[in-house]
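# Tertiary structure, described
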Protein chains: 2
Amino acid sequence: MTPLYLVGIGPGDAAHITPEALDAIEHASDIVGYGLYMDLLGERMNGKRHHKRDLGEETERARLALDLASAGHVTALVSSGDIGIFAMATLVFELLDKANQGEENGRGWERIDIRVIPGISAMQMASARLGAAMGHDFCAISLSDLLTPWPTIERRIEAAAMGDFVIAFYNPVSKRRDWQLNHARDVLLTQRSADTPVIIARDLGRTDEAVTVVRLADLDAAYIDMLTLVMVGSTTTRHIRFGRNEWVYTPRGYEQKRAGASS
Amino acid sequence: MTPLYLVGIGPGDAAHITPEALDAIEHASDIVGYGLYMDLLGERMNGKRHHKRDLGEETERARLALDLASAGHVTALVSSGDIGIFAMATLVFELLDKANQGEENGRGWERIDIRVIPGISAMQMASARLGAAMGHDFCAISLSDLLTPWPTIERRIEAAAMGDFVIAFYNPVSKRRDWQLNHARDVLLTQRSADTPVIIARDLGRTDEAVTVVRLADLDAAYIDMLTLVMVGSTTTRHIRFGRNEWVYTPRGYEQKRAGASS
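Note that the structure is a prediction, hence the values are computed from the model and not measured.

## So, the overall build of chain A
- The secondary structure content of chain A amounts to eight helices and 13 strands.
- At 20 Å, chain A has a C-alpha radius of gyration in line with the 18 Å of a compact globule built from 263 residues.
- With the C-alpha coordinates aligned to their principal axes, the bounding extent of chain A is approximately 65 × 40 × 35 Å.
- Put simply, of all contacts in chain A between residues at least 6 apart along the chain, 68% involve residues at least 24 apart.
- Summed over all atoms, the accessible surface of chain A reaches about 10,100 Å², with 47% contributed by carbon and sulfur.
- In chain A, the 28 positive side-chain charges and the 35 negative ones have mean positions that sit 3 Å from each other.

## Some remarks on the relation of the copies chain A and chain B
- Of the transformation placing chain A onto chain B, the axial shift is 0.0 Å and the rotation is 180 degrees, giving an RMSD of 0.0 Å. Here the copies are linked by what is in effect a two-fold axis. Among all residues of chain A, the minimum C-alpha distance to the rotation axis is found for Cys139(A), at 1.9 Å.
- In this assembly the copies share their binding face: 100% of the residues contributing to the interface of chain A also contribute to that of chain B.

## Quick word on the sheet that holds strand β13 (residues 245-249) of chain B
- Ordered by their spatial adjacency, three strands build an open sheet running β6-β13-β12 (chain B), and the pairing between neighbours is mixed. Two strands in the sheet have a free side with no partner beyond their single neighbour: β6 (131-132) and β12 (238-242) of chain B.
- Relative to β13(B), β12(B) runs antiparallel, the two sharing five bridges. Bridge assignment links Arg241(B) to a residue of β13(B), and that residue is Glu246(B).
- Sitting on the sheet, helix α4 (residues 89-100) of chain A touches β6, β12 and β13 of chain B, and the angle it makes with β12(B) is about 65 degrees.

## Some words on the pairing of β13(B)
Residues and elements named next belong to chain B.
- Looking at chain direction, β6 and β13 are connected through two bridges and run parallel. Counted as the bridge partner of Gly131 is Val248 from β13.
- Count of turn residues in the β12/β13 antiparallel hairpin: two residues, of which Gly243 carries a positive phi of about 60 degrees.

## Structural notes on the packing of aromatic side chains
- Counted by the stated rule, this structure contains eleven aromatic pairs over all chains.
- Seen in terms of ring centroids, Phe93(A) and Trp247(B) are 4.8 Å apart; in terms of plane orientation they differ by 45 degrees. Their pairing is tilted. Residue Phe93(A) is found in helix α4, and its partner Trp247(B) is found in strand β13; the two belong to separate chains.
- In this structure Phe93(A) comes out as buried when scored by relative accessible area, which is 0%.
- Summarising the aromatic geometry, the rings of Phe86(B) and Tyr170(B) are spaced 4.9 Å apart at their centres and angled 45 degrees between planes, so their arrangement reads as tilted. Here Phe86(B) is found in the loop between β4 (75-79) and α4 (89-100), whereas its partner Tyr170(B) is found in strand β8 (residues 166-170), with 84 residues between them in sequence.
- In this structure Tyr170(B) comes out as buried when scored by relative accessible area, which is 10%.
- Members of the aromatic cluster, each reached through a chain of ring pairs, are Phe86(A), Tyr170(A) and Phe138(B).

## Here we look at the side chain of Asp97(B)
- Relative to the elements of secondary structure, Asp97(B) occurs in helix α4.
- On the basis of relative accessible area, Asp97(B) is assigned to the buried category, the value being 4%.
- When residues no more than four places from it in sequence are discounted, the contact partners of Asp97(B) are Arg238(A), Ile240(A) and Tyr249(A).

## Digging into the nonpolar core
- Core analysis: the largest hydrophobic core is formed by 50 residues, its most contacted members being Ile141(A), Phe169(A), Ile141(B) and Phe169(B).
- The next biggest cluster of nonpolar side chains, apart from the first, holds 40 residues, and it includes Met123(A), Ala133(A), Tyr170(A) and Tyr170(B).

## Topic: the sheet that holds strand β1 (residues 2-8) of chain A
Residues and elements named next belong to chain A.
- Taking strand neighbours across the sheet as the criterion, the five strands line up as β3-β2-β4-β1-β5 in an open arrangement whose pairing is parallel. Strand pairing shows two members of the sheet lacking a second neighbour, β3 (49-51) and β5 (112-117), which therefore form its edges. Recorded for the sheet is a direction-independent mean angle of 20 degrees between the axes of neighbouring strands.
- Where β1 lies against β5, six bridges are found, and the strand directions are parallel. Note that in β5 the partner of Leu6 across the bridge is Val116.
- Packing of helix α1 (residues 19-27) onto the sheet brings it into contact with β1, β2 (30-33), β4 (75-79) and β5, and relative to β1 it is tilted by some 135 degrees.

## Notes on helix α7 (residues 180-189) of chain A
All names here are of chain A.
- Burial analysis of α7 places seven of its ten residues in the buried class, which makes it a mostly covered element.
- Regarding α7, the residues found buried are Gln180, Leu181, Asn182, Ala184, Arg185, Val187 and Leu188.
- Lining the buried residues of α7 we find α6 (150-163), β8 (166-170) and β11 (228-232).

## Describing empty space enclosed by the protein
- Taken as a whole and judged by the stated rule, the model has seven cavities of 30 Å³ or more.
- By volume, the largest cavity amounts to about 60 Å³.
- If you go around the largest cavity, the residues you meet are Leu96(A), Trp109(A), Glu110(A), Ile112(A), Ile114(A), Phe242(B), Gly243(B), Arg244(B), Asn245(B) and Trp247(B).
- Broken down by secondary-structure element, the contributors of at least two residues to the lining of the largest cavity are β5 of chain A together with β13 of chain B.
- Grouping the constituent residues of the lining of the largest cavity by class yields six nonpolar, two polar and two charged.

Cut-offs and rules
- Numbering of residues starts from 1 in each chain and follows the order in which that chain's sequence is written.
- Just so you know, chain letters begin at A and ligand numbers begin at 1, following the order they were written in.
- Totals for whole chains, interfaces and linings use every residue, but because this is a predicted model, local features are given only for residues with pLDDT of at least 70 and side-chain atom pairs only at 80 or more, for both listing and counting.
- For the side-chain quantities, the full set of heavy atoms in the structure was used; hydrogens and water were omitted.
- Secondary structure elements are taken from DSSP: a helix is a run of H or I of four residues or more, a strand is a run of E of two residues or more, and numbering for both begins at the N terminus.
- We compute the radius of gyration from the C-alpha atoms alone; for a globule the expected value is 2.2 Å times N to the 0.38, where N is the number of residues.
- The criterion used for residue contact is that any of the two residues' heavy atoms lie within 4.5 Å.
- A 1.4 Å probe and the Shrake-Rupley method give the accessible areas. Residues count as covered only by the protein chains that appear here.
- In this tally Asp and Glu are treated as negative and Lys and Arg as positive; neither His nor the chain ends contributes.
- Every charge is mapped onto a representative atom, which is NZ of Lys, CZ of Arg, CG of Asp or CD of Glu.
- Superposition of the copies used a least-squares fit over C-alpha atoms from residues whose pLDDT is at least 70 in both.
- A pair of strands is labelled paired if DSSP reports no fewer than 2 bridges between them.
- Axis definition: a line fitted to C-alpha atoms, limited for helices to the stretch in contact. Angles are taken between N-to-C directions and run from 0 to 180 degrees.
- The pairing test for Phe, Tyr and Trp rings, Trp by its six-membered ring, is centres within 6.5 Å, and the orientation test on the planes gives stacked under 30 degrees, edge-to-face over 60, and tilted for anything in between.
- Only protein chains enter the calculation, and the probe is 1.4 Å; a residue is then buried if its accessible area is under 20% of its type maximum, exposed if over 50%, and partly exposed in between.
- The definition of a nonpolar core used throughout is a set of buried Ala, Val, Leu, Ile, Met, Phe, Trp, Tyr and Cys residues joined through side-chain atoms within 4.5 Å.
- Cavities and pockets were defined on a 1 Å grid built over protein atoms only: a cavity is a set of grid points that admits a 1.4 Å probe from which the probe cannot escape, a pocket is an open set flanked by protein on both sides within 12 Å along at least five of seven lines, and lining residues are those with an atom within 4 Å of any such point.
- Grid points are joined across faces, edges and corners, and a volume is the space filled by probe spheres set on the points.
- Only Asp, Glu, Lys and Arg are considered charged, only Ala, Val, Leu, Ile, Met, Phe, Trp, Tyr, Cys and Pro nonpolar, and every remaining residue, Gly among them, polar.

Shown next, in the form of structure tokens:
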């Protein structure tokens with residue numbers, strides 16, 4: 001059994017890579033991953049074979065990782081954030097599932113020992129930077145309609161609005177997709193106030209990181225890009241100032257009720 | 001400005017504590033945290049003041065951490081998992097908010113430099129152990145009605161059912177609370193098949209960790225305890241066997257559609 005590690009390395013700086021993720025990468029002879037995320041690993045990449053693939057060739061990257069491991073190379077398939085959350089891990093299991101159904105070759109894949117290693121996801125970093133927006137019930141929705149039909153996405157946005165979840169939007173916009181986020185905003189405005197705090201977190205963990213708060217009514221896809229996470233508060237999420245700082249947090253129910261009753 | 005670190009140390013083993021979390025704990029002179037989670041830190045606790053508080057005194061722990069930091073002690077408030085997800089961080093910000101409203105003393109709190117340090121949450125570990133259940137849209141719901149009224153929780157379960165989210169249930173049961181999880185199961189069975197895979201993850205990261213899969217129809221609160229995370233798949237989540245292993249994953253839309261069309 002040759003290990004294939006599916007590794008999430010967190011939002012983009014070395015301080016958030018777990019020891020388990022580093023151990024897996026150090027143990028691997030072959031690394032499959034997109035260049036942008038790999039700078040982080042620096043000298044740890046010395047002596048390893050690095051198989052780069054462009055974004056958009058994700059299934060090919062997953063298949064390459066399986067084939068390398070089945071050929072006996074200890075392999076790490078690496079992505080930023082948590083590889084299990086809107087990321088590469090699920091593609092590997094899709095390929096195993098297809099091999100079961102005879103739609104993939106899959107020769108030797110049964111000799112691979114797959115281990116999934118979670119990492120800090122963008123939503124967690126965005127929330128942490130400004131406090132604790134994920135302190136109560138939340139959901140995560142990808143707005144990419146490349147692989148999911150828009151009606152399915154729209155139904156999820158409506159459900160999230162009905163359930164009053166804090167919402168992390170992954171893949172909020174792309175060059176080709178510019179209206180979905182504004183549509184989501186308009187759906188949410190039917191259930192939440194115009195003042196609902198929205199966290200906009202760009203380039204998390206990188207030197208040009210920028211995390212800001214806007215009102216839900218002011219959220220505009222024109223100012224958001226692919227590398228941004230958008231997190232919309234629930235009806236109880238609070239945006240406060242204290243001393244020189246500002247914070248966004250979602251209280252547990254009881255404390256909020258007391259505050260509401262006395263203010 | 002004295003730092004107050006709000007630190008998540010992950011699900012329960014040293015391999016998942018990030019360097020940022022370790023640095024904060026090493027920098028602190030005072031550690032506020034519940035004993036169960038602190039064993040992990042071992043010798044790192046040497047020479048530090050450890051302020052233990054029992055579970056259930058959560059607000060008191062948060063206030064203590066603020067008061068220690070405002071008195072000039074570099075303090076780390078520590079919890080397992082991600083301190084920003086259904087955990088202590090939000091209590092600290094609730095207290096700041098109350099101080100603004102004159103409901104807390106808050107003297108000196110404006111001199112504190114609060115930094116939130118995220119950690120791997122139980123849902124991520126549960127998903128990783130069996131593959132990639134969180135590969136597509138998901139939500140997290142706490143079933144604790146200590147602080148949230150049951151009708152609010154029920155509305156969230158119904159919304160999650162309607163939106164076909166993968167659902168991570170935190171605090172699924174307690175000694176006092178044994179029917180909510182079964183009610184949630186019954187709501188979900190109106191929208192999902194009896195065969196929907198459910199991950200039951202107990203004592204994650206600890207030596208007696210046990211992660212199993214049951215059918216949604218077989219989910220029963222009688223076999224779940226407080227230290228368990230329950231994750232219910234969406235209508236597209238797959239439970240597969242490959243070689244000697246079993247996996248649970250939630251595919252991206254497109255791949256699943258192809259598999260469905262050809263099988």
